Amino acid sequence: MSKVEEFEELRSLLFSIAYRILGSVSEAEDAVQEAWLRFDASPTRPDSAKAFLSTTVTRIAIDVLRSARVRREEYVGPWFPEPLLSDPYQDPARAVELADSVSMAALLLLERLSPLERAVFLLREVFGFGYDEVASAVGRSEAACRQLLVRARKHMEAGRPRFEADRAERQVLASRFFDALKDGDVGGLQNLLAADVQLVGDGGGKAPQLARAVVGAENVARLLGTVFPWLIRIDVTCEPHEINGQPGAVVRDRDGKVLHTLSLDVLDGRIQTIRSVVNPDKLGHIGPVADAWAVDREVKRVRSGRG
């Protein structure tokens, strides 16, 4: 195969590695592109394109993550990964690991790890790389990688997210949730929420966002059941869609532009966490982004009777 063909065959794997390390679609795409440039510029043909490219994209992503950590410490409000509508890499032998590792909850848990621990954990536990391949990718000895993995596993096991295993049951619950949301059915919403459910938003200071997490079934149901009917009145639509492998939706304004995403963590027949990504910087890969401030102003005008 030509270099281009080899690279294209591996592109989805490279993106999936980079996205899980970085939690950013745009930065992952940039890392993959940079890996291609280095592969293309290499004067010699590596024995294994997969080894060369996975090592290259991993090291690029680790470097980017180290600088991103500083920005995340200064981030306004809660930080969430950029929402991913579909994971391009599929491996039936590791389907469970891949699905669990891309959820919002898992990516937030990975934030507890150092960049090296994160890369080692993902390459070994999620993508099934051998210790020799992991060591080559991160530039450490196999023994050091084993130690990094032990530490990473302890962090991950302590807070490992749990989800409803039955995909069909999750989707049925999500469908009921979004129907109740559109109808402003506060009681119906409350019946679908765990008692200690949390509603958390990421606006990054660049869009209207919650001042703090809303906790408790009654509080969350009342807020959502009050706000969403007004959004519907100004032609906002709620398009069901998996977000990071979990039930969710893309919310759009009347022109079809992306207002925000919603993702739901479901367990034991109840919604445990609702995460909303409103920061426009994190939505551009989904499509044209709406002016959330303008939508907020219009809702206020309509509610006050001036719209």
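Within any chain, residue numbers begin from 1 and follow the written order of that chain's sequence. Thresholds applied to this predicted model are a pLDDT of at least 70 for local features of residues and 80 or more for the giving and counting of side-chain atom pairs; totals over whole chains, interfaces and linings are not thresholded and use all residues. Hydrogens and waters are ignored; side-chain quantities use all the structure's heavy atoms.

Caption draft 1: The arrangement of the overall build of the protein in detail. Each helix corresponds to a stretch of at least 4 residues labelled H or I by DSSP, and each strand to a stretch of at least 2 residues labelled E; elements are numbered beginning at the N terminus. Counting secondary structure elements, the protein contains 12 helices and six strands. Taking 2.2 N^0.38 as the reference for a compact globule, 307 residues should give roughly 19 Å; the C-alpha atoms of the protein span a radius of gyration of 21 Å, in line with that estimate. Taken over the C-alpha atoms alone, the protein extends approximately 70 × 35 × 35 Å along its principal axes. Partly exposed describes any residue whose relative accessible area lies between the buried limit of under 20% and the exposed limit of over 50%, with all areas from a 1.4 Å probe on protein chains only and scaled to the type maximum. With 307 residues in all, the protein has 50% of them scored as buried. When checking whether two residues touch, look at their non-hydrogen atoms; a contact exists if any pair is within 4.5 Å. Sequence separation of at least 24 residues holds for 67% of the intrachain contacts in the protein that already meet a minimum separation of 6. Accessible surface computed for the protein: about 14,300 Å², of which carbon and sulfur atoms make up 49%. With 41 positive and 45 negative side-chain charges, the protein shows a separation of 5 Å between the mean positions of the two kinds. All radius of gyration figures rest on C-alpha atoms, and the globule criterion is 2.2 Å times the number of residues raised to 0.38. Residue-level accessible areas treat just the shown protein chains as cover; the underlying method is Shrake-Rupley with a 1.4 Å probe. The convention is simple: Lys and Arg are positive, Asp and Glu are negative, and His and the chain ends are not counted. Note on charges: their place is set at NZ of Lys, CZ of Arg, CG of Asp or CD of Glu.

Caption draft 2: Local environment of the packing of helix H3 (residues 49-73) against helix H7 (residues 131-138). At a closest axis distance of 8 Å, the pairing of H3 and H7 adopts a crossing angle of 50 degrees. Judged by the angle between their axes, H3 and H7 are oblique. The way H3 lies across H7 gives a crossing that is right-handed. Taking contact as the criterion, the partners of Thr55, Thr58, Arg59 and Ile62 in H3 are, on H7, Ser136, Ala137 and Val138. Angles shown run from 0 to 180 degrees and are taken between the N-to-C directions of axes, each axis being a line fitted to C-alpha atoms and, for helices, limited to the stretch in contact. For this classification, under 35 degrees means roughly parallel, over 145 means roughly antiparallel, 65 to 115 means roughly perpendicular, and everything else is oblique. Crossing handedness: left-handed means the near helix sits turned counterclockwise from the far one by under a right angle, and right-handed means the same turn made clockwise.

Caption draft 3: Broad picture of the sheet that holds strand S2 (residues 214-215). What the six strands build is an open sheet, ordered S2-S1-S6-S5-S4-S3; its pairing is mixed. Looking at the sheet topology across the chains shown, the edges are occupied by S2 and strand S3 (237-240). Two elements, S3 and strand S4 (residues 248-252), share four bridges in a ladder whose sense is antiparallel. Opposite Cys238, over in S4, you have Val251 as the bridge partner. Strands are treated as partners if at least two bridges between them are detected by DSSP.

Caption draft 4: A look at the pattern of salt bridges. Take a side-chain nitrogen of Lys or Arg and a carboxyl oxygen of Asp or Glu: if they are within 4 Å of each other, that pair is a salt bridge. By the definition in use, this model includes 21 salt bridges. Its salt-bridge partner being Arg11, residue Glu8 comes within 2.9 Å of it at the nearest N-O pair. Taken together, the positions of Glu8 and Arg11, both in helix H1 (residues 3-22) and three residues apart, correspond to about one turn of that helix. The class of Arg11 is partly exposed, set by a relative accessible area of 33%. Between Glu27 and Arg71 there is a salt bridge, with the nearest N and O atoms lying 2.9 Å from each other. Taken together, the residues span a long stretch of sequence, with Glu27 in helix H2 (residues 25-41) and Arg71 in helix H3 at a distance of 44 residues.

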